[in-house]
Amino acid sequence: MEEMAETVGGLACPLNPDQHHRMHRCAPGIARGLWTWRPHLGTLWTMSRAVTETVVPLPRHLFRGPHRLRIALIGMPNSGKSTLFDAVASTSVQKGEFSGTDKAYRECPVQVGLDEARVIDLPSIRTLHSAGRDEQVALRYLLWGDDPPPVAAHDATPAPLSPPDVIVQVVDATALDRQLELTLELSQLGRPVVIALNMMDTAGKKGLHINVRALSRALGMPVVPMVAHMGHGISETFARAVAAVRETACPVPQPCNKHIRERLQPLSQALSRPDVQAAFRVPHPFLLMQIAMDEGYFVDEMRQHFPALLPTLMELRVAAERDLPRPLAEELHADRHHRAATLFEEVTRIGAPHEGKGWRYWLDELFLHPHWGLVGSLAVFGAVLFVVFEVSAWLDGLTAARLIEWSADWQPTSTGGVVSRAVVDGLIGLVGIVIPYMLPLVMLLVGLEQAGVMQRIAFVVDRGFHHVGLHGSVAVPFLLGLGCNVPALSAA
Ligand SMILES: Nc1nc2c(ncn2[C@@H]2O[C@H](COP(=O)(O)OP(=O)(O)OP(=O)(O)O)[C@@H](O)[C@H]2O)c(=O)[nH]1
Ligand SMILES: [Mg+2]
């Protein structure tokens, strides 16, 4: 006999005559089961079609495997770089020292959505011009990584790391005016820069209101408000960093004032030589600024590689300095300082310091206290257990228990009825997990997270979890696991 075909989920499945006969015998039972569930069949059909037909557009190219990104965290001392790094660091952190210094760096892999990156926590840097020896290696890493240009070929590479695809400048928002000077310098490096505007909590308490959008517009860089030790703004910072690379968004050029620009014009022209560009492999405005500032490393390299050109450059530099009230380097520094201060004034408003002690203050007092922090965290764990065992048991009685009671009398004897009964039991089981356990638990955890309690708990338990090779942020999946292991595993 010819094989008959039945369509299951869009696939044609051949049925032999015996199967066909059995199917017809089962049909009344299945039909009865389906009749019971008929109000939901339409919804299930729509949902199954939505699942099979939904197309999720992926970015054109993902940064994964050998194409993973490198993100460098840079900033002035105590701006919060290490706090940000620790917040995203997995257990596989690699440490190293920049060659010829005792300055350490750390790097680790991070997952940013579907993209992968390696994040590097660099030593603090105050300025890119007139940098000290330790800052010099960090600068050389930012410029070239482990791929030095001809002028730096004789130096040991600062670290065996590829150069960054994007720079995240961690900025202390409470000292924004000073930190913007470094931002103006970083904007000359020709790489995407993202500003992580950290310590927004302290800035708020000091009455400092920063217009983040205006700042971002003026600099041509994404600016993300952040409170690193609370975990606020961290994922957005990394998402914006990846997006900046994908869009190859480079900062708006921040030229010095017209008066100085005109004076530096001859020096700029003398440096605009393809062989100089090829030897240094740095953006022209940056090289111009280094030579104009008489920066040791770059002037030395110029002396070694372009001995005939250097005297001309120095003469042009002296000519640019002539009639200036101060030495050229000081003049350039003052100009940068002035531009940073002007920008700061444009984007900030200083109000009255926040005197009141709001509930967040008391949360900090409790959770960030060396001893009471642990007690507070244990209390939250206790509250979650109470919800799971007491509140959920009550909800269970109202939902799943009633459904079980309702279906208890249905004892089918046909195969179709048994299959339908199994489906109904499965659905009741699902309802019994989702409504009494998962929903209250997830709502509670979202509430705790939005209030900032979870971030504080993650901070408190971080040290303890590190002993078992985990990070403090696993506190959320840990608690979620009290309701259901599957979302807990996927969240981890
Ligand atoms: N109030 C507040 N403090 C923060 C924040 N982020 C970091 N801190 C604190 O700022 C201090 C300095 O943070 P670090 O992460 O060590 O700063 P860093 O930039 O790595 O410092 P160095 O590498 O030593 O230059 C630490 O005490 C942090 O706890 C924040 O968003 N708000
Ligand atoms: Mg640090």
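Bear in mind the structure is a predicted one, so any value in this text is a computation, not a measurement.

**Points about the pattern of salt bridges**
Piece 1. Here the structure, examined in full by the defined rule, presents 16 salt bridges.
Piece 2. Here Arg64 makes a salt bridge to Glu116, at a shortest N to O gap of 3.3 Å. In this pair, Arg64 is assigned in the loop between helix H2 (38-53) and strand S3 (69-75) and Glu116 in strand S6 (residues 115-121), connecting sequence segments 52 residues apart.
Piece 3. Classification of Arg64 by relative accessible area gives partly exposed; the value is 35%.

**Looking at the site of ligand 1**
Piece 1. Taken together, the neighbourhood of ligand 1 is formed by 16 residues, with Lys81, Ser82, Thr83, Ser124 and Asn198 sitting nearest.
Piece 2. Note that an oxygen atom of ligand 1 is positioned 2.9 Å from one of the side-chain N or O atoms of Asn198.
Piece 3. Side-chain polar atom of Thr202 to a nitrogen atom of ligand 1: 3.1 Å apart, as the coordinates give it.
Piece 4. Summarising the interface, the protein chains cover 68% of the accessible area of ligand 1, which totals 650 Å² for the free molecule.

**Quick word on the environment of Ala475**
Piece 1. In this structure, Ala475 sits in helix H20 (residues 475-480).
Piece 2. Expressed as a C-alpha distance, the spacing of Ala475 and Phe459, which sit 16 residues apart in the sequence, is 9.5 Å.
Piece 3. The residues touching Ala475, leaving out its near neighbours within four places in the chain, are Met454, Ile457 and Val461.

**With respect to the packing of helix H18 (residues 415-450) against helix H19 (residues 453-466)**
Piece 1. Orientation of H18 relative to H19, taken along the N-to-C sense of each, is 80°, at an axis distance of 4 Å. Accordingly, the angle class assigned to the pair H18 and H19 is roughly perpendicular. Along the contact surface, H18 presents Leu445, Leu448 and Glu449, while H19 presents Val453, Met454 and Gln455.
Piece 2. Here the contact of H18 with H19 is composed, by residue class, of 4 nonpolar, 1 polar and 1 charged.

Quick notes on the rules
- Residues numbered from 1 in each chain as written.
- Chains lettered and ligands numbered in written order.
- Predicted model: local features only at pLDDT ≥ 70, side-chain atom pairs only at ≥ 80, totals over all residues.
- Heavy atoms only, no water.
- Salt bridge = Lys/Arg side-chain N within 4 Å of Asp/Glu carboxyl O.
- Helix = DSSP H or I, 4+ residues; strand = E, 2+ residues; numbered from the N terminus.
- Buried < 20%, exposed > 50% of the residue type's maximum accessible area, 1.4 Å probe, protein only.
- Near = heavy atom within 4 Å.
- Polar contact = N/O pair within 3.5 Å; in protein donor to acceptor, adjacent residues only side chain to side chain.
- Areas by Shrake-Rupley, 256 points an atom, 1.4 Å probe, with all protein chains shown as cover.
- Contact = heavy atoms within 4.5 Å.
- Axes fitted to C-alpha atoms, helices over the stretch in contact; angles between N-to-C directions.
- Parallel < 35°, antiparallel > 145°, perpendicular 65-115°, else oblique.
- Nonpolar A, V, L, I, M, F, W, Y, C, P; charged D, E, K, R; others polar.

Functional significance is not addressed by these values, which are geometric in nature.
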